[in-house]
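These are the residues of each chain, in order.
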Amino acid sequence: MAIRPIIKLPDPRLKLVSDAIPVIDESVRTLAADMLETMYDAPGIGLAAIQIGVPKRVIVIDVSGKDEPKAPMILINARLVSASDEMSVYEEGCLSIPDYYAEVERPARVTVSYLDEHGAERRIEAEGLLATCLQHEIDHTNGINFIDHLSKLKRDRVIKKFTKAAKLEQPAAEPAPHRSMAG
Ligand code: NI
């Protein structure tokens, strides 16, 4: 297992639609194990493979409380089967948009189908935090980030802030070679 670097806004890969996984083999299980380790290290409650730069439909989640035993979930090729009309609002954050939180309204209850790490078909009905987390992570596999659910004004402001920060993090550019003006 290994902790992998998490990509951050405005990395364009966060907008990629991830590929479905046709065969679940050891490489997929290793990817999921790395994702869990990366998520726990961050720490976070959910992570999609694209957040470590891998455009595959793998999600890991653990919404257990701080004093509860760990409850890791691995969801492959997860998709939303149904969603309630009733909505709920949670303050969301994202490991790819660190230290930014905003309220997002989503269906309060969802049914999600997926494959587990052994390839068995599974279905989960969720509400509360897990329902929100499932929708947030499935969004990632479709290239949608939680800030895409905010107003354009708020979204643009966050993107601008992170774009600026990313530029500052880059090593200083080499001084431009001197060129004499011609003409
Ligand atoms: Ni996220």
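These lines cover the structure that appears in this document, whether it is placed above or below. (Residues numbered from 1 in each chain as written. Predicted model: local features only at pLDDT ≥ 70, side-chain atom pairs only at ≥ 80, totals over all residues. Heavy atoms only, no water.)

### Notes on the sheet that holds strand β7 (residues 121-127)
Turning to step 1, where the next piece is worked out: With antiparallel pairing, 5 strands are arranged side by side in an open sheet as β1-β2-β3-β6-β7. If you trace the sheet from one side to the other, it starts and ends with β1 (46-48) and β7, each paired once. Adjacent strand axes in the sheet meet at a mean angle of 40° when their direction is disregarded.
Turning to step 2, where the next piece is worked out: Direction of pairing for β1 relative to strand β2 (residues 58-61): antiparallel, over a ladder of 3 bridges. In the sheet register, Leu 47 faces β2, and the bridge partner there is Val 60.
Turning to step 3, where the next piece is worked out: This element, helix α1 (residues 26-41), spans β1, β2 and β3 (73-83) of the sheet and lies at about 40° to β2.
Turning to step 4, where the next piece is worked out: Lying over the sheet, helix α2 (residues 128-141) contacts β1, β2, β3, β6 (109-115) and β7, oriented at roughly 125° with respect to β7. (Pairing = 2+ DSSP bridges. Helix = DSSP H or I, 4+ residues; strand = E, 2+ residues; numbered from the N terminus. Axes fitted to C-alpha atoms, helices over the stretch in contact; angles between N-to-C directions. Contact = heavy atoms within 4.5 Å.)

### Let's talk about α1
Two residues of an α-helix separated by three or four positions point the same way, owing to the 3.6 residues in each turn.
Turning to step 1, where the next piece is worked out: In a regular helix each residue adds 1.5 Å, so 16 residues correspond to 22 Å; α1 covers 22 Å between its end C-alpha atoms and thus fits that length.
Turning to step 2, where the next piece is worked out: All of the buried residues along α1 are Val 28, Leu 31, Ala 32, Ala 33, Asp 34, Met 35, Leu 36, Thr 38 and Met 39.
Turning to step 3, where the next piece is worked out: Residues of α1 that are buried make contact with β1, β2 and β3. (Expected span 1.5 Å × (residues − 1). Buried < 20%, exposed > 50% of the residue type's maximum accessible area, 1.4 Å probe, protein only.)

### Overview of the nonpolar core
Turning to step 1, where the next piece is worked out: Counting 19 residues, the largest nonpolar core has Leu 31, Met 35, Leu 47, Ile 52, Val 58, Val 60 and Ile 76 as its most contacted members.
Turning to step 2, where the next piece is worked out: Top element by residues in this core is α1. It accounts for 6 residues.
Turning to step 3, where the next piece is worked out: Excluding its chain neighbours within four sequence positions, the residues that come into contact with Leu 31 are Arg 4, Ala 49, Ile 52, Val 54, Lys 56 and Val 58.
Turning to step 4, where the next piece is worked out: If you look at the next biggest cluster of nonpolar residues, it comprises 15 residues, including Ile 61, Met 73, Tyr 114 and Ile 138. (Core = buried A, V, L, I, M, F, W, Y, C linked by side-chain atoms within 4.5 Å.)

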